[in-house]
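The lines below spell out each chain.
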Amino acid sequence: MFSTLFQATGFKRAFDLFEAGRFDEGKVLLKSLQDEFMAVCDENEALKRQLAEVAEVLDLAEKVRFDGQKYWLEEDGERKGPFCQVCYDRDGLLVHLHKHENHWECRSCHGLYMLPREADTSHDKKPRLRAAMEKTVPLFMEREMS
Ligand SMILES: [Zn+2]
């Protein structure tokens, strides 16, 4: 990068200016060197943050499972989710899917995911709806406005 070279030569130039008694010019040069230094420090901090983010993403990627439709997060033997496949593949973001009667909805990209037929029979069973669903599999459903 340019700034490293600038600093290496800049310090020598400032030294020469002070030695020659050209203090005002020397001070101006030192000030600009300080600004350069601060910019390099900022850049260094930003790079450290980026590196930490990349490490986080790699760590996350090892815990993410795909069920053929949606993503789940497996952490300490616990399964969290589901999360939107589109949002994770596109942006690397795990967006929680919001559960409706017979589908999940992504509130970010508005993608819809059908609930598996055998899924989660623990909550209130609706046999008639279940039977209807087996005949027709709607791809898109009316979204309730919230
Ligand atoms: Zn989404």
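Look above for the structure.
All of the points below concern the structure found in this document. Everything numeric here is computed off the predicted structure, so don't read it as measured data. Along each chain, residue indices are assigned from 1 in the same order as the chain's sequence is written. For a predicted model such as this one, the threshold for reporting local features is a pLDDT of at least 70, and the threshold for listing and counting side-chain atom pairs is 80 or more; totals across whole chains, interfaces and linings nevertheless cover every residue. Remark: hydrogens and water are excluded; side-chain values derive from all non-hydrogen atoms of the structure.

## Examining the coordination of the zinc ion
Counted as donors are the N, O and S atoms within 2.8 Å of the metal, or 3.2 Å for Na, K and Ca, while water is not among the atoms, so some sites may look incomplete. Within the protein, C84 (SG), C87 (SG), C106 (SG) and C109 (SG) serve as the donor atoms for the zinc ion, at 2.2 to 2.4 Å. Counting the intervening residues between successive donors of the zinc ion yields the motif C-x2-C-x18-C-x2-C. Note that C87 is positioned in helix α3 (residues 85–91) and C109 in the loop between β5 (103–106) and β6 (112–114), a separation of 22 residues in sequence. When accessible area is computed with a 1.4 Å probe and restricted to protein chains, residues below 20% of their type maximum are described as buried, those above 50% as exposed, and intermediate ones as partly exposed. You can call C109 partly exposed: its relative accessible area is 22%. Under the DSSP-based scheme used, a helix requires at least four consecutive residues in state H or I and a strand at least two consecutive residues in state E, with every element numbered from the N terminus.

## Some details on helix α2 (residues 23–61)
Multiply 1.5 Å by the residue count of a helix minus one, and that product is the helix's expected span. In this model, α2 (39 residues) spans 57 Å end to end at C-alpha, consistent with the 57 Å of a helix rising 1.5 Å per residue. Considered for burial, the residues of α2 that qualify are G26, L29 and L33.

## A word on the environment of R13
In this fold, R13 is placed in helix α1 (residues 2–19). The class of R13 is partly exposed, set by a relative accessible area of 44%. C-alpha separation for the pair R13 and L29, spaced 16 residues apart in sequence, amounts to 8.2 Å.

## Structural notes on the packing of aromatic side chains
In this scheme Phe, Tyr and Trp rings, the latter by its six-membered ring, pair at centre separations within 6.5 Å, and the angle between planes marks the pair as stacked below 30 degrees, edge-to-face above 60, and tilted otherwise. By the definition in use, this model includes three aromatic pairs. Seen from their ring centres, F18 and F23 are 5.9 Å apart, and the 45 degrees between their planes marks the pair as tilted. Between F66 and Y71 the ring centres are 4.9 Å apart and the planes differ by 45 degrees, which places this aromatic pair in the tilted class. By the ring-pair criterion, three or more aromatic residues cluster together here, those being F66, Y71 and Y88. Remark: a charge is flagged as sitting over a ring if the NZ atom of Lys or the CZ atom of Arg is within 6 Å of the ring centre and within 35 degrees of the ring normal. Seen from the ring of W72, R79 lies directly overhead, with NZ or CZ sitting 3.7 Å from the centre.

## Digging into the layout of surface pockets
Points on a 1 Å grid over protein atoms alone make up a cavity when a 1.4 Å probe fits among them but cannot get out, and a pocket when they form an open set with protein on both sides within 12 Å along at least five of seven lines; lining residues each have an atom within 4 Å of a point. Grid points are joined across faces, edges and corners, and a volume is the space filled by probe spheres set on the points. Within this model, the largest pocket holds a volume of roughly 160 Å³. Top contributing element to the lining of the largest pocket by residue count: α2, with four residues. Classification used: nonpolar for Ala, Val, Leu, Ile, Met, Phe, Trp, Tyr, Cys and Pro, charged for Asp, Glu, Lys and Arg, polar for all others including Gly. Looking at the lining of the largest pocket residue by residue, the class counts come to four nonpolar, one polar and four charged. Note that the domain bounds reflect an automated or database-derived domain assignment. Counting contributing residues, the lining of the largest pocket receives three or more from each of domain 1 (2–60) and domain 2 (65–135).

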